[in-house]
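In case you want the letters, here they are:
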Amino acid sequence: MLDRLTSLEVFAKVAAIGSLSGAARSMGLSQTMVTKHVAALEGRLGIKLFHRTTRRLSITEAGRSYLESSERILADMEAADAAVAAERVEPRGLLRVNVPVVFGTKQIAPLLADFAARYPKVITELGLNDRLVDLADEGWDLAIRIGKLRDSSMVARRLAPNRLVVCAAPSYLAAHGTPRTVADLAAHNCLGYTLSQQASAEEWLFGENGEICVQVKGNLRANNGDVLRAATLAGQGLSRQPTFIIADELRTGTLVALPLDQPEIRSSAVHAVYLPDRRPPAKVRAFIDFLAMRFAPEPPWERGLI
């Protein structure tokens with residue numbers, strides 16, 4: 001079956017040149033193929049588009065009417081192609097970015113004014129939630145994901161490390177003592193995060209690659225890091241938090257990072273992920289490059305921390 005859009009292009013070219021052979025030369029096709037395209041259109045429409053004699057070819061009245069519609073369609077297609085091509089070169093259009101809630105509010109939102117000033121033709125839509133969204137089904141251009149990546153079909157770019165620390169308020173430590181080892185955590189009220197990709201709220205992983213699993217318990221679980229930060233600040237218990245959430249509190253001393261006898265996981269990181277595409281739109285490349293620049297060589301939440 002011949003491509004209908006190509007048939008429209010052939011028809012418009014024949015009408016403009018007034019010759020099947022001339023249209024064929026102009027489009028780099030054989031005269032036989034040009035004839036087949038015109039015949040396919042006429043067969044589909046049930047009308048004659050051209051009067052043909054051995055000496056000349058002229059467009060019919062029906063053909064002239066159909067030509068007007070064809071030229072509008074071809075012009076719209078050309079404009080659409082040009083718009084898409086422009087988006088590949090110049091950052092522009094709607095950029096839909098999905099980000100975990102706390103990371104989005106604390107680390108992404110403050111940067112958006114600078115991004116908008118750099119790329120005034122981009123409209124950014126920031127979606128904040130902590131569930132694992134489906135970029136294709138839900139129409140996101142890219143997502144920021146934190147921790148160990150599970151979907152290997154995505155293209156991922158590492159933006160920054162994600163450092164976890166066990167922390168507590170000075171008031172809690174004064175009342176309950178300071179744990180020195182991961183084994184000591186069993187005697188403390190450990191506030192659990194329920195959306196961890198690597199462990200449950202009752203399992204805290206330590207070691208370079210999370211190979212040491214420590215069982216903990218506590219009287220609060222939450223699916224949001226800010227809730228756990230607030231409860232930890234109030235002295236309710238220990239929590240295990242990424243530094244991008246509690247950096248300000250660590251700097252002021254309202255929360256204290258607890259050095260234990262086992263290292264924190266080193267493989268956790270902040271990544272930008274997007275669907276496989278050999279040439280992602282310029283708006284996607286611009287946003288990822290912008291974040292990489294702002295987070296390098298050391299992310300802002302780590303600056304000044306030990």
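Above this note sits the structure.
Here the structure is a predicted model, which means the values were calculated and not measured.

> Provide a residue-level description of the overall build of the protein, including the pertinent values.
Counting secondary structure elements, the protein contains eleven helices and 14 strands. Its C-alpha radius of gyration of 31 Å places the protein more than 25% over the 19 Å reference for a compact globule of 306 residues. Across its three principal directions, the C-alpha atoms of the protein cover 105 × 35 × 25 Å. Going through the 306 residues of the protein one by one, you find that 42% of them count as buried. Sequence-distant contacts, at least 24 apart, represent 73% of the contacts inside the protein between residues at least 6 apart.

> Give a description of the sheet that holds strand β11 (residues 221-222) that names residues and reports values.
Within a beta sheet, neighbouring strands are joined by backbone hydrogen bonds and run either parallel or antiparallel to one another. Read from one edge of the open sheet, five strands run β11-β8-β12-β7-β13, paired in mixed fashion. Lying at the two open borders of the sheet, with one neighbouring strand each, are β11 and β13 (256-257). Note: strand β8 (residues 190-193) against strand β12 (residues 238-242), two bridges, orientation parallel. Within β12, the residue paired with Leu-191 across the bridge is Ser-239.

> Help me get a handle on the pairing of β8, residues and values and all.
Side-chain positions along a regular strand alternate between the two faces of the sheet. When β8 meets β11, the two strands line up parallel, connected through two bridges. Paired with Gly-192 across the strands is Arg-221, a residue of β11.

> Break down the nonpolar core for me, citing the residues and quoting the values.
Phe-103, Leu-142, Leu-159, Leu-291 and Phe-295 are the most contacted members of the largest nonpolar core, which totals 36 residues. Put simply, the parts of the chain that give this core at least two residues each are β3 (93-99), α5 (101-108), β5 (142-147), β6 (155-161), β7 (164-168), α10 (243-252), β14 (269-274) and α11 (282-295). Here this core gets eight residues from one element, more than from any other, and that element is α11. With residues near it in sequence (within four places) discarded, Phe-103 still touches Ile-108, Ile-144, Ile-146, Phe-244, Val-270, Phe-295 and Trp-301.

> With reference to specific residues and values, describe the pairing of β14.
Most of β14 is tucked away: six of the six residues are buried. Side chains of β14 alternate between two faces, with Ala-269, His-271 and Val-273 and Val-270, Ala-272 and Tyr-274 buried alike. The pairing of β5 with β14 spans five bridges and is classified as antiparallel. Note that in β14 the partner of Ile-146 across the bridge is Val-270. The pairing of β6 with β14 spans six bridges and is antiparallel. Bridge pairing in β14 places Pro-161 opposite Ala-269.

> Account for the packing of aromatic side chains, with residues named and values stated.
Applying the stated criterion to the full structure yields ten aromatic pairs. Residues Phe-103 and Phe-295 carry aromatic rings whose centres are separated by 6.1 Å and whose planes lie at 75° to one another, so their mutual orientation is edge-to-face. On the criterion of sequence distance, the pair formed by Phe-103 in helix α5 and Phe-295 in helix α11 is long-range, its members being 192 residues apart. Overall, the relative accessible area of 1% leaves Phe-295 in the buried class. Taken together, the aromatic side chains of Phe-103, Phe-244, Phe-295 and Trp-301 make up a single cluster linked through ring pairs. Above the ring of Trp-140, the side-chain terminus of Arg-96 is found at 3.9 Å from the ring centroid. In this arrangement the basic side chain of Arg-240 is found over the ring face of Phe-206, its NZ or CZ atom lying 4.7 Å from the centre.

> Now, about the sheet that holds β5: what can you tell me, with residues and values included?
Pairing in this open sheet of five strands is mixed, and the strands run β4-β3-β5-β14-β6 from one edge to the other. In the strand order of this sheet, the two ends are held by β4 (122-128) and β6, each with one partner. When strand polarity is set aside, the average angle formed by the axes of neighbouring strands in this sheet is 25°. Here α11 sits on the sheet and contacts β3, β4, β5, β6 and β14; the angle it forms with β6, its principal contact strand, is near 20°.

> Go over the pattern of salt bridges, please, and point to the residues and values.
Evaluation of the coordinates by the stated rule reveals 15 salt bridges. Through salt bridges with shared partners, one network takes in Glu-90, Arg-92 and Lys-121.

What counts, and at which threshold
Residues numbered from 1 in each chain as written. Predicted model: local features only at pLDDT ≥ 70, side-chain atom pairs only at ≥ 80, totals over all residues. Heavy atoms only, no water. Helix = DSSP H or I, 4+ residues; strand = E, 2+ residues; numbered from the N terminus. Rg over C-alpha atoms; globule rule 2.2 N^0.38 Å. Buried < 20%, exposed > 50% of the residue type's maximum accessible area, 1.4 Å probe, protein only. Contact = heavy atoms within 4.5 Å. Pairing = 2+ DSSP bridges. Core = buried A, V, L, I, M, F, W, Y, C linked by side-chain atoms within 4.5 Å. Phe/Tyr/Trp six-rings, centres within 6.5 Å; stacked < 30°, edge-to-face > 60°. Lys NZ or Arg CZ within 6 Å of the ring centre and 35° of its normal. Axes fitted to C-alpha atoms, helices over the stretch in contact; angles between N-to-C directions. Salt bridge = Lys/Arg side-chain N within 4 Å of Asp/Glu carboxyl O.

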